[in-house]
Structures are given as structure tokens and as C-alpha cells.
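This is what each chain is made of:
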Amino acid sequence: MNTPGTALITGGTGGLGAATVSAFLAGGWRVVAPVRPGSAGRLAEGAIAVESDLSVAAEVEAAVRVAAGADDAPLRAVVNVAGGYGGGALVGDTPVEDFEAMLTRNLRPTYLVTSGALPHLVAAGGGSIVCVSSRAAVSPFAGAAGYVTAKAAVLAFAGAVAVEYRKQGVRCNTVLPSIIDTPANRRDQPDADHGRWVSPDEIARVILFLASDASGPTSGAQIPVYGRA
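Residues numbered from 1 in each chain as written. Predicted model: local features only at pLDDT ≥ 70, side-chain atom pairs only at ≥ 80, totals over all residues. Heavy atoms only, no water.

Caption draft 1: Fine view of the sheet that holds strand β2 (residues 30–35). Strand order in the open sheet made by the seven strands is β3-β2-β1-β4-β5-β6-β7, with parallel pairing throughout. Looking at which strands have only one partner, the edges of the open sheet turn out to be β3 (48–51) and β7 (222–225). Ignoring which end each strand starts from, the neighbouring axes of this sheet average 20° apart. As judged from the three bridges shared by strand β1 (residues 6–9) and β2, these two strands associate in the parallel manner. Counted as the bridge partner of Ala7 is Val31 from β2. Helix-sheet contacts for helix α1 (residues 15–26) involve β1, β2, β4 (75–80) and β5 (127–132), and the interaxial angle to β1 is about 175°. In the packing of helix α2 (residues 57–67) onto the sheet, the strands contacted are β1, β2, β3 and β4, and the crossing angle to β2 comes to about 165°. (Pairing = 2+ DSSP bridges. Helix = DSSP H or I, 4+ residues; strand = E, 2+ residues; numbered from the N terminus. Axes fitted to C-alpha atoms, helices over the stretch in contact; angles between N-to-C directions. Contact = heavy atoms within 4.5 Å.)

Caption draft 2: Region of interest: the packing of aromatic side chains. A full pass over the atoms with the stated rule returns four aromatic pairs. Aromatic side chains Tyr85 and Tyr147 sit 5.0 Å apart centroid to centroid with 75° between the ring planes, which places their arrangement in the edge-to-face category. Of this pair, Tyr85 sits in the loop between β4 and α3 (96–106) while Tyr147 sits in helix α5 (residues 145–164), and the two are 62 residues apart along the sequence. The exposure class of Tyr85 is partly exposed, given its relative accessible area of 45%. Ring plane angle 55° and centroid distance 5.5 Å describe the contact between Tyr111 and Phe157, whose orientation is recorded as tilted. Within this pair, whereas Tyr111 is found in helix α4 (residues 108–123), its partner Phe157 is found in helix α5, the two being separated by 46 residues in sequence. The exposure class assigned to Tyr111 is partly exposed, which follows from its relative accessible area of 46%. Here the aromatic cluster, defined as three or more aromatic residues joined through ring pairs, consists of Tyr85, Phe141 and Tyr147. Sitting over the face of the ring of Tyr226, Arg135 holds its NZ or CZ atom 4.1 Å from the ring centroid. (Phe/Tyr/Trp six-rings, centres within 6.5 Å; stacked < 30°, edge-to-face > 60°. Buried < 20%, exposed > 50% of the residue type's maximum accessible area, 1.4 Å probe, protein only. Lys NZ or Arg CZ within 6 Å of the ring centre and 35° of its normal.)

Caption draft 3: A look at the pairing of β1. The two faces of β1 match: Thr6 and Leu8 on one face and Ala7 and Ile9 on the other face are all buried. Crossover connection from β1 via α1 to parallel β2: handedness right-handed. Of the strand pairs in this sheet, β1 and β4 are connected by four bridges, and their pairing is parallel. Across the sheet, residue Ile9 finds its bridge partner in β4, namely Val79. (Right-handed = clockwise from strand over helix to strand, strands pointing away.)

Caption draft 4: Geometry of the environment of Ala57. As for its position among the elements, Ala57 is in helix α2. We classify Ala57 as partly exposed; its relative accessible area is 32%. A sequence separation of 41 residues divides Ala57 from Leu16, and the C-alpha atoms of the two residues are 24 Å apart.

Caption draft 5: Focus on the nonpolar core. Leu8, Val78, Leu121, Ile129 and Cys172 are the most contacted members of the largest nonpolar core, which has 25 residues in total. Where this core is concerned, the elements lending two or more residues are α2, β4, α4, β5, α5 and β6 (170–177). Among the nonpolar cores identified, the runner-up in size contains 24 residues, and Ala33, Val132, Ile203 and Val225 belong to it. (Core = buried A, V, L, I, M, F, W, Y, C linked by side-chain atoms within 4.5 Å.)

Caption draft 6: Structural detail: the packing of α3 against α4. Relative orientation of the contacting elements α3 and α4 amounts to 30°, with a least axis distance of 3 Å. Comparing their axes, α4 and α3 come out roughly parallel. Contacts between α3 and α4 involve Leu103, Thr104, Arg105 and Asn106 from the former and Arg108, Pro109 and Thr110 from the latter. Along the lines of polarity and charge, the residues of the contact of α3 with α4 split into two nonpolar, three polar and two charged. (Parallel < 35°, antiparallel > 145°, perpendicular 65-115°, else oblique. Nonpolar A, V, L, I, M, F, W, Y, C, P; charged D, E, K, R; others polar.)

Caption draft 7: Inspection of the state of the cysteines at higher detail. Throughout the structure, instances matching the rule amount to zero disulfides. Left unpaired, Cys131 is separated from the closest cysteine sulfur, that of Cys172, by 4.2 Å. Its relative accessible area of 0% is what places Cys131 among the buried residues. Take Cys172: its relative accessible area is 1%, and that puts it in the buried class. (Disulfide = S-S within 2.5 Å.)

Don't take any of this as a statement about function, it's just geometry.
Here it is, written out as C-alpha cells:
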């Protein structure tokens, strides 16, 4: 089977990231996944691990070079899954360092990976970028201003990329999950109705579609993936 190309997928050892890596591998993609040092063994078999700190530009650039380094599988997709939640206090009780930490954790990797990959996507004749935001970006809740702001910034950034690179054939779309049905979220919310949550595999299928030629007319979209939550 001919490969669709290479997909650079961040956050590949987490709940959603692992499902996304597996979905792309099953679809015949060459998958390169930046991972934290010492965590390569948690990556799905068949994916290429590159130990990287995604907050450091030089390390991101090194991972992008690996992703763009196969002549028979050009870089055609970037999936920005890496991020994380933090919160608990209202704005007036949140130190600015905690607020900025959410931007560093959620927005900075998305920016560095996307900006580093864009020249390669353009050189390959186009491609697809998928960013992971959150339902909280459009429906905020109390006690998570830093997280909400960071995920809203991801939406705005993805929209800017979609406009700037439309003529070069690069699409950029965003998925907005609600609570994802992962073991960690079940531990944190043991009394919730887990059957209403969206599974990582369900979101991964949407991401794979957005990376594929089947979604070719679609760019700048904000896709809700809420399950029944």
C-alpha cells in the first residue's frame, strides 16, 4: 500500500494522542511523534519517536526535520495534540505565572510545531494541520481562565494559519473535544456519566478525516466532538 505521506503527531503517548497515532498508522501513514525523554516505549509500534521538549524551538525543529526527511513519504499532515489542563482558582486568585503556564503548555507547542512544519508542507505541495482545542474555548467554565484562554488562542491561531496558507494548499482545522473518556478523567470524576463522554478513538477518526484528501474543501473549521456530553 502506498503511504499517504508522513504525519507529525504531538502528544502521542497520551490518551487522545495514542489513539490518533494508532489511527494514522492503520491508515498507512508514516508517523513521527515527538515524545518526552524516556517515554518512547509508550508509543505505538510502528511510529518513529523523537525525544523532544516541545517548548524549545531547536528541539522542535529537529523533530520536524525527521518528519520531513523521507523522500518517499513527504510531510503532509501535522496534528497538534500536546497540551494539558490546569486550573481550580478564580482569576483574582490565580498568579500570573500559573496563567502563563497554560499558554506555554497549550499554545507554544502548537505554534512552534506548526511554524516549523509549514515550509515543508508548502514544499510538498500542500497538506493538512489539525489542532486540538477544547469545548471550554467556546463554552468557558469557572476556575480555568488560563486553560480557557490558551485553548481559545489555539482556535484563533488555527484560523490565522488557514487564511495565511490557503493559496499554498495548506489547510488548518481545529477539533474541540468535551471531556474525553480516558482513565485519568474517570479517576478524577468517578461519579460522572462516562457513557456520555467522547472516546479517544472517536476523536481520532475525525482528526484522520481532516488530515485526508476526503476533507479537501475544508479549512478554518472548528469541529465540535462532544459525544453526548
